[in-house]
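Chains, contacts and geometry: an overview
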Amino acid sequence: MPNSHEVLFRTLADPTRRAIFERVCREGEQTVRALTADAGVSQPAVSKHLAVLKRAGLVLDRHEGRQTHYRAQPGALAPLLDWTRQMAGFWQSRFDHLEDLLKRMDQ
Amino acid sequence: MTKTATETLSVVVERDVPFPPEKIWRALTQPHLIEEWLMKNDFKPVPGHRFDFRADWGSVDCRVLTVEPNRTLAYTWSAYGLESVVTWTLSATSTGTHLRMEQSGFLPDQQQAYQGAKYGWQKFFANLEAVLARID
């Protein structure tokens with residue numbers, strides 16, 4: 001299991017950060033200033049959350065004059081979908097082992 | 001985002017097994033038997049007991065949540081930054097047992113209430129689904 005899951009889980013674990021990401025997804029490209037107005041935290045805090053989102057590949061930034069705009073990269077969520085597939089495969093194989101064991105066990 | 005997105009962090013595996021629940025329960029709860037089909041462990045069938053599963057690729061931190069002999073077993077499963085709950089359900093059938101495993105994942109800040117946490121993830125993905133349907 002690659003650690004891309006872990007990065008995404010940790011990145012989205014913070015409710016403020018998750019809310020910022022949801023908002024960028026919902027409303028399209030946003031400036032830091034616009035995001036700060038609704039986030040309920042300071043602009044430096046919002047910038048810090050955006051930097052973490054950017055490191056996880058969840059947002060892209062674009063500089064225009066003194067403003068930085070952020071837009072969502074929803075494709076970065078793909079590893080979360082992979083997680084389900086991987087765990088399902090893991091448990092299917094464990095069920096096979098369990099059935100083998102049950103056949104060997106005394107009643 | 002597709003329909004599966006809202007179910008992203010839930011995995012269900014079900015199987016009809018030609019053995020009685022009592023026998024399967026032993027395989028699910030006795031450490032030396034668990035090791036044979038799952039992983040090395042220090043499991044005890046006691047709610048609140050903390051244990052881990054160990055494999056060559058790493059370990060999984062767990063805590064026992066529910067123990068209803070021959071019926072239900074649930075424990076937390078924490079690995080790779082994701083807290084999840086694994087729930088085993090055993091239902092006797094005319095030919096043996098219907099065995100069901102559900103693993104539901106949720107984020108580390110939402111551990112307090114399992115149901116609430118599960119909802120949190122689903123809500124998150126449901127919101128995104130609605131949003132992403134409108135993006136390209």
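Definitions and cut-offs
Each residue is numbered by its place in its chain's sequence as written, counting from 1. Working convention: letters from A go to chains and numbers from 1 go to ligands, in the order in which they are written. Given that the model is predicted, a residue must reach a pLDDT of at least 70 before its local features are reported, and side-chain atom pairs must reach 80 or more before they are shown or counted; all residues, however, enter totals for whole chains, interfaces and linings. A run of DSSP states H or I qualifies as a helix once it reaches four residues; a run of E qualifies as a strand once it reaches two. Both are numbered from the N-terminal end. Put plainly, a residue is buried at 20 or more neighbouring C-beta atoms within 10 Å of its own, exposed at 12 or fewer, and partly exposed in between, counting only other residues' C-beta atoms, which are placed from the backbone. Remark: residues whose backbone-derived C-beta atoms lie within 7 Å of one another are considered to be in contact. Strand pairing is defined by DSSP finding a minimum of two bridges between the two strands. Axis geometry follows a simple rule: fit a line to the C-alpha atoms, using only the stretch in contact for helices, then measure angles between N-to-C directions, giving values from 0 to 180 degrees. The span one expects for a helix is its residue count, reduced by one, times 1.5 Å. For this quantity, the arc is that covered by the directions from the helix axis to the C-beta atoms. pLDDT is a residue-level measure of predictor confidence that goes from 0 to 100.

**Considerations on the overall build of chain A**
- In terms of helices and strands, chain A carries 5 helices and 3 strands.
- Helices (α) and strands (β) of chain A occur, in sequence order from the N terminus, as α-α-β-α-α-β-β-α.
- Classification of the 107 residues of chain A by burial places 26% in the buried group.
- If you take every contact in chain A between residues at least 6 apart in sequence, the share linking residues at least 24 apart comes to 52%.

**Details of the overall build of chain B**
- Counting its secondary structure elements, chain B contains 3 helices and 7 strands.
- Counting every position in chain B, which comprises 136 residues, the buried fraction comes to 29%.
- In chain B, of all internal contacts separated by at least 6 residues, the share reaching a separation of at least 24 is 35%.

**Quick notes on the sheet that holds strand β2 (residues 59-64) of chain A**
All names here are of chain A.
- In spatial order, the strands read β1-β3-β2; together these 3 strands make up an open sheet with antiparallel pairing. If you trace the sheet from one side to the other, it starts and ends with β1 (30-31) and β2, each paired once.
- The pairing of β2 with strand β3 (residues 67-72) spans 6 bridges and is classified as antiparallel. Within β3, the position partnered with V59 by the bridge is A72.
- The strands touched by helix α2 (residues 15-27) within the sheet are β1, β2 and β3, with β3 carrying the most contacts at an inclination of about 85°.

**A look at the pairing of β3 of chain A**
Residues and elements named next belong to chain A.
- Here 2 bridges tie β1 to β3, and the two strands are oriented antiparallel to one another. Residue pairing in the sheet places Q30 in a bridge with Y70 of β3.
- The antiparallel hairpin formed by β2 and β3 contains 2 residues in its connecting segment, where G65 sits at a positive phi of about 60°.

**A closer look at helix α4 (residues 43-55) of chain A**
Residues and elements named next belong to chain A.
- A rise of 1.5 Å per residue sets the reference length of α4, with its 13 residues, at 18 Å; its end C-alpha atoms lie 18 Å apart and thus fit the reference within 8%.
- Burial in α4 covers these residues: V46, H49, L50 and L53. The arc enclosing the buried residues of α4, seen along the axis, measures out at 100°, which places them on a common side. Exposed positions of α4 whose direction lies more than 90 degrees from the buried face are P44, A51 and R55.
- Where α4 is buried, its residues touch α1 (4-13), α2, α3 (32-39), β2 and β3.
- Among the residues trailing α4, G57 stands out with phi positive, at a value near 80°.

**Here we look at the environment of H49 of chain B**
- Within the secondary structure, H49 of chain B sits in the loop between β2 (40-41) and β3 (50-55).
- Sequence separation between H49 of chain B and V64 of chain B is 15 residues; the distance between their C-alpha atoms is 5.3 Å.

**Structural notes on the confidence of the model for chain A**
- Chain-level statistics for chain A give a pLDDT mean of 85 and a share of 95% at 70 or above.
- Here α1 of chain A is the element of chain A with the lowest mean pLDDT, 78, and α4 of chain A is the one with the highest, 95.

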